[in-house]
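Residue strings, one per chain:
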Amino acid sequence: MPSLSLTKRDVARELARRYSTMTHDELDLLESVLVPMKFAKGEKLLSEGQTCKNIYWIVKGLLRQFYYKEGKELTEYMAAENTIVMCIESLFREEPSNLQIAALEPSLVYALPKAELEAVAMKSVNIQILYRKILEESLIISQQRADLLRFESAQNRYAKLMKREPQLVLRAPLVYIASYLQMTPETLSRVRNSTVIEK
């Protein structure tokens, strides 16, 4: 598990390692915009009606993105350590979000405020690349999930989630996993049991 003693510099280095090589000065710029935030289990990072102003990098914990439809709470996305979370439409349109983000576990995240990130990106090609790659990754993840729901059987949806995101399967409550995979908890239970049997 990542250490809670990570510094802003450590996080800047990890983001650079993952998304774009940076010089010492560029790391200084990236570090300058990072905002550490801690959230208790159940605490919201973003509520419905608020405008998303940050891209969040998870250092420790588990976050869930969800919304309400016809009185039901539906899970849109879940993410654990070393993953980006944002409400992309709200972030770029600067409009209130229908999505909410909450911590499923005590979580430490580093916010990259969009306005500040764009300001430092104007000074650094490598930070521009980092910004672009973060957005590319977010769009690819969204497309993968859409394809999963569109084309795969319940069995395959669960199998692919286990392969891609084993931490989610181990740590997230089953009711949220079922919602995320767009199946009932009963269907998920049957799928899990048959998956175990097939092993």
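Look up: the structure comes first, before these words.
In short, a report on the structure. Since this is a predicted model, take the numbers as computed values, not measurements.

1. Section: the overall build of the chain
Helix and strand content of the chain: 9 helices and 8 strands. Whereas a compact globule of 199 residues would reach a radius of gyration of roughly 16 Å, the chain reaches 18 Å, a difference of no more than 12%. Projected onto its principal axes, the C-alpha positions of the chain cover 55 × 35 × 30 Å. Each of the 199 residues in the chain was classed as buried or not, and the buried ones make up 44%. Accessible surface, the chain as shown: approximately 10700 Å² in total, 52% of it carbon and sulfur. Looking at the chain, you have 28 positive and 25 negative side-chain charges, and the mean spots of the two groups are 5 Å apart.

2. Topic: the pairing of strand S4 (residues 63-69)
Sheet topology places S4 next to strand S5 (residues 72-79); 7 bridges connect them, and they run antiparallel. Each residue of the ladder has a partner; that of Gln65, found in S5, is Tyr77. Taking the residues between adjacent antiparallel strands as the criterion, S4 and S5 are bridged by 2 residues, where Glu70 takes a positive phi near 50 degrees. Pairing of S4 with strand S7 (residues 100-103) involves 4 bridges; the strand directions are antiparallel. Residue pairing for S7: Gln65 is matched across the bridge by Ile101.

3. Regarding the packing of aromatic side chains
Summed over the entire model, instances satisfying the criterion amount to 3 aromatic pairs. Ring centres of Phe66 and Tyr68 lie 6.0 Å apart, and the angle between their planes is 80 degrees; on these two criteria the pair is classed as edge-to-face. On the accessibility criterion, Phe66 (3% relative accessible area) is buried. Classification of Tyr68 by relative accessible area gives partly exposed; the value is 41%. Both rings, one in Phe92 and one in Tyr131, keep their centres 6.5 Å apart while their planes meet at 20 degrees; by these two values the pair is stacked. Of the two residues, Phe92 is situated in helix H3 (residues 88-93) and Tyr131 in helix H5 (residues 125-151); the sequence distance between them amounts to 39 residues. The lysine or arginine in question, Arg64, covers the ring of Phe66, its NZ or CZ lying 4.2 Å from the ring centre. Looking at Arg64, its charged tip hangs above the ring of Tyr176, at a distance of 3.8 Å from the centre.

4. Comments concerning helix H1 (residues 8-19)
Helix length check: H1 (12 residues) gives 16 Å between terminal C-alpha atoms against 16 Å at 1.5 Å per residue, within 8%. Listed as buried for H1 are Arg9, Val11, Ala12, Leu15, Ala16 and Tyr19. Take H1 and look down its axis: the buried residues cluster within an arc of 160 degrees, on one side only.

5. Some thoughts on the sheet that holds strand S8 (residues 107-113)
The strand order across the open sheet built from 4 strands is S1-S8-S3-S6, with neighbouring strands paired in antiparallel fashion. Taken across any chain shown, the strands that pair with only one partner, and hence form the sheet edges, are strand S1 (35-39) and strand S6 (84-85). Here S1 pairs with S8 via 5 bridges, running antiparallel. Residue pairing across strands places Val35 opposite Ala111, the latter belonging to S8. Contacts between helix H4 (residues 114-121) and the sheet are confined to strand S3 (54-60) and S8, with S8 contributing the most and set at about 55 degrees to the helix.

6. Looking at the state of the cysteines
The tally for this structure, following the rule as stated, stands at 0 disulfides. We note that Cys52 lacks a disulfide partner, and the nearest cysteine sulfur, in Cys87, lies 4.8 Å from it. Judged by its relative accessible area of 2%, Cys52 falls in the buried class.

7. A word on the pattern of salt bridges
For the coordinates displayed, the defined rule picks out 15 salt bridges. Here Arg150 and Asp147 are joined by a salt bridge, their closest N and O atoms 3.0 Å apart. With Arg150 and Asp147 both in helix H5, this residue pair falls 3 residues apart, about one helical turn. Residue classification places Asp147 among the partly exposed residues on the basis of a relative accessible area of 27%. Where Glu152 meets Lys160, a salt bridge forms, and the shortest distance between an N and an O atom there is 2.8 Å. Judged by relative accessible area, Lys160 falls into the partly exposed class, the value being 33%. Bridged by salt links that share partners, the residues Arg9, Asp28 and Glu31 form one connected network.

What counts and what doesn't
- Residues numbered from 1 in each chain as written.
- Predicted model: local features only at pLDDT ≥ 70, side-chain atom pairs only at ≥ 80, totals over all residues.
- Heavy atoms only, no water.
- Helix = DSSP H or I, 4+ residues; strand = E, 2+ residues; numbered from the N terminus.
- Rg over C-alpha atoms; globule rule 2.2 N^0.38 Å.
- Buried < 20%, exposed > 50% of the residue type's maximum accessible area, 1.4 Å probe, protein only.
- Areas by Shrake-Rupley, 256 points an atom, 1.4 Å probe, with all protein chains shown as cover.
- Lys, Arg positive; Asp, Glu negative; His and termini not counted.
- Charge placed at Lys NZ, Arg CZ, Asp CG, Glu CD.
- Pairing = 2+ DSSP bridges.
- Phe/Tyr/Trp six-rings, centres within 6.5 Å; stacked < 30°, edge-to-face > 60°.
- Lys NZ or Arg CZ within 6 Å of the ring centre and 35° of its normal.
- Expected span 1.5 Å × (residues − 1).
- Arc of directions from axis to C-beta.
- Contact = heavy atoms within 4.5 Å.
- Axes fitted to C-alpha atoms, helices over the stretch in contact; angles between N-to-C directions.
- Disulfide = S-S within 2.5 Å.
- Salt bridge = Lys/Arg side-chain N within 4 Å of Asp/Glu carboxyl O.

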